[in-house]
Amino acid sequence: MDLEEKLLELEKRREGIHMPHVYYGDPNKDFTLKLIKTLVENGADLIEFGIPFSDPTADGPTFQAACERALKKGITPAKCIQGIRNLRKNGLETPLIVTTYYNIPYVTGIRAFLKEIKKAGAQAIIVPDLPVEEADTLLDEGKKIGIHLILQVAPTTNKERLKKITDIASGFIYVIGVEGVTGARENLANSTLKLINRVRRYTDVPLLVGFGISKKEHAAAVVSAGANGVVVGSAYAKIYEKNLEKPEETLPEIAQLAKQIKQGCIEGYRQYLMNNR
Amino acid sequence: MDLEEKLLELEKRREGIHMPHVYYGDPNKDFTLKLIKTLVENGADLIEFGIPFSDPTADGPTFQAACERALKKGITPAKCIQGIRNLRKNGLETPLIVTTYYNIPYVTGIRAFLKEIKKAGAQAIIVPDLPVEEADTLLDEGKKIGIHLILQVAPTTNKERLKKITDIASGFIYVIGVEGVTGARENLANSTLKLINRVRRYTDVPLLVGFGISKKEHAAAVVSAGANGVVVGSAYAKIYEKNLEKPEETLPEIAQLAKQIKQGCIEGYRQYLMNNR
Amino acid sequence: MELRSEGVLVLRKGRFGKYGGQYVNEILMPALIELEEAFNRYYPTPEFQGEFQSLLRDYGGRPTPLYYAKNFSELVGCKVYLKREDLLCGGSHKLNNALGQALLAKKMGKTRLITETAAGQHGLATVMAGNIFGLETEIFMGVKDMERQASNVKRMKLLGAKITPVKSGAGVLKDAVSDTLREWAACSQTTHYLMGSTVGPHPFPTIVATFQSVIGIEIKQQILKKEGRLPDAILACGSGGSNALGAFKPFIGNKDVKLYFVEGGGESLGADNSAAAFQLGKPGVLHGALMQVLQDEHGQIKPSKTRAAGLNYPGRGPEISYLCETGRVNACYTFDKEVFEAVKVMCRTEGLIPALETAHVIAYLLSHREEFGRGEVVILNYSGRGDKDLKAIMRYFYGP
Amino acid sequence: MELRSEGVLVLRKGRFGKYGGQYVNEILMPALIELEEAFNRYYPTPEFQGEFQSLLRDYGGRPTPLYYAKNFSELVGCKVYLKREDLLCGGSHKLNNALGQALLAKKMGKTRLITETAAGQHGLATVMAGNIFGLETEIFMGVKDMERQASNVKRMKLLGAKITPVKSGAGVLKDAVSDTLREWAACSQTTHYLMGSTVGPHPFPTIVATFQSVIGIEIKQQILKKEGRLPDAILACGSGGSNALGAFKPFIGNKDVKLYFVEGGGESLGADNSAAAFQLGKPGVLHGALMQVLQDEHGQIKPSKTRAAGLNYPGRGPEISYLCETGRVNACYTFDKEVFEAVKVMCRTEGLIPALETAHVIAYLLSHREEFGRGEVVILNYSGRGDKDLKAIMRYFYGP
Ligand SMILES: Cc1ncc(COP(=O)(O)O)c(C=O)c1O
Ligand SMILES: Cc1ncc(COP(=O)(O)O)c(C=O)c1O
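Keep in mind that this is a model prediction, so the values were computed, not measured.

(A) Just the overall build of chain C, in detail. A tally of regular secondary structure across chain C gives 16 helices and 17 strands. Taken against the 2.2 N^0.38 rule, which gives 21 Å for 400 residues, the C-alpha radius of gyration of chain C at 19 Å falls within 12% of a compact globule. Along the first, second and third principal axes, the C-alpha atoms of chain C reach 55 × 45 × 45 Å. Counting all 400 residues of chain C, 70% fall into the buried class. In chain C, once contacts between residues fewer than 6 apart in sequence are set aside, the share between residues at least 24 apart is 73%. Approximately 12,100 Å² of chain C is accessible, and the part contributed by carbon and sulfur atoms is 52%.

(B) Spatial organisation of the relation of the copies chain C and chain D. For these two chains of identical sequence, chain C goes onto chain D by a turn of 180 degrees and a shift of 0.0 Å along the axis, with RMSD 0.0 Å. Here the copies are linked by what is in effect a two-fold axis. By C-alpha distance to the rotation axis, the residue of chain C lying nearest is Leu87 of chain C, at 3.1 Å.

(C) Inspection of the sheet that holds strand 4 (residues 124-126) of chain A at higher detail. Residues and elements named next belong to chain A. Sheet architecture is closed into a barrel: eight strands sit in the order 1-2-3-4-5-6-7-8, paired in parallel fashion. For this sheet, the mean inter-axis angle between neighbouring strands, taken without regard to orientation, is 30 degrees. Pairing geometry for strand 3 (residues 96-99) and strand 4, over three bridges, is parallel. Bridging from a neighbouring strand, Val98 pairs with Ile125 of strand 4. Set on the sheet, helix 1 (residues 3-12) makes contact with strand 1 (17-23), strand 3, strand 4 and strand 5 (148-153); between it and strand 5 the angle comes to about 55 degrees.

(D) How the structure looks around the site of ligand 1. Residue and element names in this part refer to chain C. Surrounding ligand 1, one finds 19 residues, the nearest of these being Ser197, Gly241, Ser242, Asn243 and Ser383. Interatomic distance of 3.1 Å between a side-chain N/O atom of Lys94 and an oxygen atom of ligand 1. For ligand 1, an oxygen atom lies 2.8 Å from a polar atom in the backbone of Gly241. In isolation ligand 1 has 390 Å² of accessible area, and contact with the protein removes 97% of it. Elements that contribute at least two residues to the shell around ligand 1 include exactly helix 11 (242-248) and helix 15 (356-367). In terms of residue class, the shell around ligand 1 is made up of four nonpolar, 13 polar and two charged.

(E) Summary view of the interface of chain C and chain D. Every contact between the two is made by 39 residues of chain C and, on the other side, 39 residues of chain D. Of the roughly 3,500 Å² buried between chain C and chain D on both sides combined, carbon and sulfur atoms contribute 61%. Interface area lost by chain C to chain D is led by Asp58, Tyr59 and Leu158 of chain C, which between them contribute 19%. Remark: the boundary between chain C and chain D carries six salt bridges. A salt bridge links Asp58 of chain C to Lys226 of chain D; the nearest nitrogen and oxygen atoms lie 2.6 Å apart. Here chain C is connected to chain D by 19 residue pairs in polar contact (both at pLDDT 80 or more). Where the side of chain C that touches chain D is concerned, the elements lending two or more residues are helix 2 (46-60), strand 5 (66-68), helix 5 (121-133), helix 7 (150-158), helix 14 (336-350) and helix 16 (390-398) of chain C.

(F) Structural view of a positive patch on the surface. On the surface, Lys144, Lys305, Arg307, Lys391 and Arg395 of chain C together with Lys144, Lys154, Lys305, Arg307, Lys391 and Arg395 of chain D cluster together into a positively charged patch. For the positive patch, the secondary structure elements donating two or more residues are helix 16 of chain C together with helix 16 (390-398) of chain D. Under the relative-accessibility criterion, Lys154 of chain D is labelled partly exposed at 31%.

(G) View of the interface of chain C and chain A. Counting from both sides, the interface comprises 38 residues of chain C and, opposite them, 37 residues of chain A. Here chain C meets chain A over a buried area of about 2,800 Å², counting both sides, of which 52% is carbon and sulfur. Together, Glu26, Arg182 and Gln300 of chain C form the three largest contributors to the area buried by chain C at its contact with chain A, with a combined 25%. Seen at the junction of chain C and chain A, the total is three salt bridges. The residue Glu26 of chain C makes a salt bridge to Arg161 of chain A at a minimum N-O spacing of 2.7 Å. Put simply, chain C and chain A have 20 residue pairs in polar contact (both at pLDDT 80 or more) between them. Contributing elements (two or more residues each) for the side of chain C that touches chain A: helix 1 (29-42), helix 8 (173-187) and strand 13 (282-286) of chain C. At eight residues, helix 8 of chain C tops the list of elements feeding residues into the side of chain C that touches chain A. Partitioning the side of chain C that touches chain A into residue classes produces 15 nonpolar, 14 polar and nine charged.

(H) Representation of the site of ligand 2 in the model. Residue and element names in this part refer to chain D. With respect to spatial proximity, 19 residues lie near ligand 2, and among them Ser197, Gly241, Ser242, Asn243 and Ser383 are the closest. In this structure, Ser197 approaches ligand 2 through a side-chain N or O atom, which is 2.5 Å from an oxygen atom. One of the backbone N or O atoms of Asn243 is found 2.8 Å from an oxygen atom in ligand 2. Notes on ligand 2: free accessible area 390 Å², of which the protein chains cover 97%. Taken together, the elements giving at least two residues each to the shell around ligand 2 come down to helix 11 (242-248) and helix 15 (356-367).

(I) Highlighting the sheet that holds strand 6 (residues 79-84) of chain D. Residue and element names in this part refer to chain D. Here six strands make up an open sheet; going across it, the order is 5-6-17-11-12-16 and the pairing mixed. Of all the strands in the sheet, just strand 5 (66-68) and strand 16 (329-335) have a single pairing partner and so form its edges. Ignoring which end each strand starts from, the neighbouring axes of this sheet average 25 degrees apart. The strands touched by helix 14 (residues 336-350) are strand 5, strand 6, strand 12 (258-266), strand 16 and strand 17 (377-382); relative to strand 16, the strand with the most contacts, the crossing angle is about 90 degrees. Running over the sheet, helix 15 touches strand 6, strand 11 (233-237), strand 12, strand 16 and strand 17 and is turned about 155 degrees from strand 17.

(J) Structural view of the domain arrangement of chain C. All names here are of chain C. Annotation of chain C at the domain level lists domain 1 (24-57 + 94-208) and domain 2 (61-92 + 213-398). In this structure, domain 1 and domain 2 have C-alpha centres spaced 22 Å apart. Counting from both sides, the interface comprises 31 residues of domain 1 and, opposite them, 32 residues of domain 2. Of the roughly 2,600 Å² buried where domain 1 meets domain 2, counting both sides, 56% is carbon and sulfur surface. Connecting domain 1 to domain 2 are zero salt bridges. Linking domain 1 to domain 2 there are 17 residue pairs in polar contact (both at pLDDT 80 or more).

(K) Local environment of the pattern of salt bridges. Overall, the coordinates contain 88 salt bridges over all chains when judged by the stated rule. Between Glu41 of chain B and Lys37 of chain B there is a salt bridge, with its nearest N and O atoms 3.2 Å apart. Here Glu41 of chain B and its partner Lys37 of chain B are both found in helix 2 (residues 29-41), four residues apart, which amounts to about one turn of the helix. Look at the salt bridges and you will find they share partners, linking Arg155, Arg385 and Asp387 of chain C together with Arg155, Arg385 and Asp387 of chain D into a network.

(L) View of the packing of aromatic side chains. Under the definition given, this model contains 52 aromatic pairs over all chains. Aromatic side chains Tyr269 of chain A and Tyr272 of chain A sit 6.0 Å apart centroid to centroid with 65 degrees between the ring planes, which places their arrangement in the edge-to-face category. Residue Tyr269 of chain A and its partner Tyr272 of chain A are located together in helix 12 (residues 251-275), separated by three residues, close to a single helical turn. Three or more aromatic residues link up through ring pairs in this structure, and these residues are Phe39, Tyr43, Phe48, Phe52 and Phe211 of chain C. For Lys157 of chain C, the ring lying beneath its charged end belongs to Tyr398 of chain D, and the centroid distance is 4.3 Å.

(M) Main features of the pairing of strand 7 (residues 207-210) of chain A. All names here are of chain A. Covered by surrounding structure in strand 7 are Leu207 and Val209 together with Leu208 and Gly210, the residues of both alternating faces. Note: strand 6 (residues 173-176) against strand 7, four bridges, orientation parallel. Within the sheet, the bridge partner assigned to Val175 lies in strand 7 and is Val209. Handedness of the crossover joining strand 6 and strand 7 through helix 9 (residues 190-200) is recorded here as right-handed. Between the parallel elements strand 7 and strand 8 (residues 229-232), the chain passes through helix 10 (residues 216-224) in a crossover that is right-handed.

(N) The nonpolar core, seen in detail. In this structure, Ile125 of chain A, Tyr59 and Phe248 of chain C together with Phe72 and Leu380 of chain D are the most contacted members of the largest nonpolar core, which totals 233 residues. With eight residues, helix 15 of chain D is the single largest residue contributor to this core. If sequence neighbours within four positions are ignored, Phe248 of chain C has contacts with Ile234, Leu235, Ala236, Leu259, Tyr260, Phe261, Ile320 and Val329 of chain C. If you look at the next biggest cluster of nonpolar residues, it comprises 232 residues, including Phe49, Leu207 and Ala235 of chain B together with Ala118 of chain D.

The rules behind each value
- All chains use their own residue numbering, which begins from 1 and follows the written sequence.
- Following the order in which they are written, the chains are lettered starting with A and the ligands numbered starting with 1.
- Selection of residues for local features in this predicted model requires a pLDDT of at least 70, selection of side-chain atom pairs for listing and counting requires 80 or more, and totals for whole chains, interfaces and linings are taken over all residues.
- The side-chain quantities take in all heavy atoms of the structure and omit both hydrogens and water.
- Under the scheme used here, helices are H or I runs from DSSP no shorter than 4 residues and strands are E runs no shorter than 2 residues, and both carry numbers assigned from the N terminus.
- The globule rule used for comparison is 2.2 Å times the number of residues to the exponent 0.38, while the radius of gyration itself is calculated over C-alpha atoms.
- Exposure classes here rest on a 1.4 Å probe applied to the protein chains alone. A residue is buried below 20% of its type maximum, exposed above 50%, and partly exposed in between.
- The contact criterion used throughout is that any non-hydrogen atoms of two residues lie within 4.5 Å.
- Every accessible area reported is derived by Shrake-Rupley at a probe size of 1.4 Å, with residue values counting cover from the shown protein chains alone.
- Residues reaching a pLDDT of at least 70 in both copies supply the C-alpha atoms on which the copies are superposed by least squares.
- Pairing between two strands requires that DSSP report at least two bridges joining them.
- Each axis is a line fitted through C-alpha atoms, and for a helix only the stretch in contact is used; angles between axes span 0 to 180 degrees, taken between their N-to-C directions.
- One heavy atom within 4 Å of a molecule or strand is enough for the residue carrying it to be called near that molecule or strand.
- For this analysis, a polar contact is any N or O atom pair within 3.5 Å, provided that within protein one partner can donate a hydrogen and the other can accept it, and provided that sequence-adjacent residues contribute only side-chain to side-chain pairs.
- Throughout, the ten residues Ala, Val, Leu, Ile, Met, Phe, Trp, Tyr, Cys and Pro are labelled nonpolar, Asp, Glu, Lys and Arg are labelled charged, and all others, Gly among them, are labelled polar.
- Summed over both partners, buried area is the accessible surface (1.4 Å probe) that two parts give up on being assembled.
- Should a side-chain nitrogen of Lys or Arg be within 4 Å of a carboxyl oxygen of Asp or Glu, the pair is scored as a salt bridge.
- A patch consists of residues exposed above 30% relative accessible area that lack any salt bridge, with like charges linked at up to 9 Å and nonpolar side chains (Val, Leu, Ile, Met, Phe, Trp, Tyr) linked at up to 5 Å.
- None of His or the chain ends enter the tally, which takes Lys and Arg as positive and Asp and Glu as negative.
- Where a charge sits is defined by one atom per residue type, namely NZ (Lys), CZ (Arg), CG (Asp) or CD (Glu).
- These domain limits were set by an automatic method or by a database of domain assignments.
- To pair, rings of Phe, Tyr and Trp, with the six-membered ring standing in for Trp, must have centres within 6.5 Å; the planes then decide the type, stacked if under 30 degrees apart, edge-to-face if over 60, and tilted in the middle.
- Whether a charge lies above a ring is judged from NZ of Lys or CZ of Arg, which has to be within 6 Å of the ring centre and within 35 degrees of the ring normal.
- Looking down the strands as they point away from the viewer, one classifies a crossover as right-handed if the path from the first strand across the helix to the second runs clockwise.
- In plain words, nonpolar cores are sets of buried Ala, Val, Leu, Ile, Met, Phe, Trp, Tyr and Cys residues tied together by side-chain atoms within 4.5 Å.

In structure tokens form, the structure reads like this:
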């Protein structure tokens, strides 16, 4: 399904959006496929599909370990793209947003890379180390090929940059909720809610908030504050990394968290509507 | 007995002179008294009576250890001088030549020190760290008090200095046979014999050769080459240091070496006379 | 817009040919922009220059001498001068940059410095500069590097730095840079990342090269005074390239001056035994910049390997990448074994114990004597002293 | 004949007041005379000066800076400048003298250098200088000092020195000097004893002070340039007195400049726990000269004790003995505990790790702040860096 259609559909359903983030191949390919299935069946609306990179500088310890494990197992970008194909072959309809660091598409060639992921069945791409200043090639090629470049904004982003980023954003905007790296955090920062407000002033593009979201309450809070949804990554990885020998055994627990997050997204939206009546 | 008388007497007897060097108080006072007795009874003509010093820079390992042992036992210059008194009281007639480093007389006061050793019964003094350049005070006071300052010459001493030293020498001249420090050596250096010849050209004062003399053959060689005698120190200490618990047990061995050395002095003189007929 | 900065064509801000750029997360972009503005605002002012130059002189000990190494020259057959960065306070060229950036951080109102270090020389320089300006310092250092450069860890600790061991990856420089970038993402508003070499996103490569180019400026004056002419060649070791660019930059336009950049060959050029990114790498994006970098065919960065901790980085800074690509600078390497032997040669001929990094240039000259003619004037940028490597060197020659 | 050498009345050659002289065995007298003649012949020549000055500059890194230590000044309340001998090649002032004497030895046709060392700094400087001039080196070092200054032992070994452990006595500096004198007696015709401080028989104290006085000459020029006037005080640590005399000599005639000589107080001034010869010693003859020396009432030399190996000598050189006796120089001391604390203060305020010897002057200033007025300009002769003491310092603060 097309990303914009899906976002529209969720908007109509008056639900906050839930995008889990996984790193493909951690601890093995099969598990990731099962994990994505579980997540989708339990309330994931989009999937952020991570292609592991050796030096994930925007990621905290949980995802660093995830990348390292996957790479040790021999995962390559080509195998990841094959994974996307498999998901689509198995009938997955959920939009897939590929995440990877810039060197991965760079060495393949930006156009070739985007074409490949498009053909495999992805809808968009997130490149955490690609600020707007360096995004021209990827934006241009993405537009031609039909892959959204999902841009990020952060608490440090000032007015001028917010305007610049929101002006060219397509698909949705990834709102980095905290100063720092990915990783489940206990509490939601107050500043996260302020940031949502600040970004909202510049754009109607959907806002998904990530970095640190790990609980239903977090999801509810950010959606009620005006975000369109949340990205939850390390919180899921933290569950299965406790049982890397048989990660499948942790899928029920993951399913439960996914349901809760989605519930938070729904409740948050309800709250948002009440607040903005 | 007066030093010069003694030297004259030996000259008349046509014997090379044998001067053993001991450090008083190593390993205890009693032993040194016995040692001196043994040496005198076995052919010592003069005794070089060492007052231990903490930093005997002209001495090799054997005598360094001797000084260290004596000082650890609490030997002081005053006790050494008392030792001289005891020797005289016990009837020793052999001339005693005190050896010590300059700081010892310096802290007492040169005049006072010389007076004391004179009164106790010493005839001369050797100060290994007092070259002619610094010797004025000691020379002057020694002359007044009647203590010979025994000067040293070395293989490094040039013509000019030889002249200067031999000009003011009294008693005898201590010929340092080798470049280095005290300590028994296996072989006699060729240069030692040359040095004797070189010094002899400037003076008729008796020449005693020290540093490294440890055998009858050494003694014979240097005396036959024109020296008046030898100084033997570390060679004796090396015998008793093997049995520091009961050093008395080594006295027979020491007696035997002393006899041999004296024999070497006698034979050397005979040879000298033959050579110079 | 076309700019010429010391002879290098700058087509786009922060780019050297295709190399460079600002490949960082949005979180850090405002800090980079702020830094660039602050550098442009403060650096040219007489106040900044006054304070900076007087610290370089009185604290650092600049100018460092240009020493004609007579005995070593006799051995290799050309006329060898050593640019004595080992005499700089702290024992390497790193202080030039650390003082400059710390002063800048102070002017920007930052209260804290963070950085990474491998050999420990840059960490040391950073805490020294931090203490002078009353800025807290936190140093990220790979656990493997902490072990092999233990004496510098002690020095930094004694000077009051917080030292954070980096266990991820191979526990070496690459991993420490990553972790410092992560930390910076959490504190960039109050904290300056005092980048240690001519790597990272713009404006770091330019700032670091600017602060380090005092080396080359002095070399030019000194060699003109001593020889009445420019040198035939300048050699510098490097990974990021800061001491090399520092020495080279004022000579880029002097085409007759041959420039040699010696990287860490490691054990061999075989798989995973080397740090020779110009031999074994290709262009890629790491730590915020496009540069020559060791990587596999899929774009995964490969760990580098060399006994010299300070050369053990898979990337070559954008500017040195460009200069080697265009052929203005010759990219060379030497192996660990030659490097240790070179240490000994320098010890015996000139009484100087070089850092293992520095020993790479010495080794290069020793094994390529035939490249340099008898009358040629060759300058080795003698980037640091070997005190930090004493243990490793002793173990190499005398066993454990 | 009355001579005035830099303000010190010299009544007799090689004497400073009653101190000095040549109390050595006849074996060594010719070598001393030869040395004095050679020094008088070569030192004033333009050739010697040219070679010497260019080595000091290009190899050594002279002039060393005079650094205004702002943070430290704020702490102690007066205006403190550090004369940065720590930046000299090798890490201490010792090279000034080693280069000079090695050059002299070369001119004299000697083929070998011997010397003693305690902190290892002088040994290091000697082998550096030896290598430059192609002279073999043998270094005598007390076994206790070899242990506590192990890193300098490694440096010297690497540079190719033969290191002879001295086990006699307490295995410290005094014993090493004795053994070097003994060795010299055996080889003085081919070998130069490169005396490491302003001690020993004439002409050593004069030669060493002459070579070291470059420190004070530079201080004078530098402080006049920076402050437009002479300093109010100069402080230097010392045992033999070489860095102190080096700094003081050009100011002896400037009676308004207070001079402080800080010796090693050790643990306490109690029996056998100190190296404070000016507090606890009296005139005596050791190692060839009459000087202030620790000794018992019978004239036996007492071993000194301080954690700073380089100050652990029972004697004070003849010239500094004289200057303290006449009151021109204030003889002071500080205890080990204060010294270690002073290391930390200097680390934290100025980012510099001082040698334990050097830390004595820092400690003195810290504990006597009231002696120095707010506007006063005070110069600390910062004689060396603490790399050699890293282990001891770390152990003191962080345990074994
Ligand atoms: C002495 C020395 N030389 C060279 C280098 C290499 O760094 P760069 O390439 O930035 O000069 C280092 C890095 O730590 C170093 O310590
Ligand atoms: C750093 C340092 N300072 C001072 C001294 C003391 O020596 P001097 O009194 O000769 O200056 C030493 C001796 O080793 C030293 O290493």
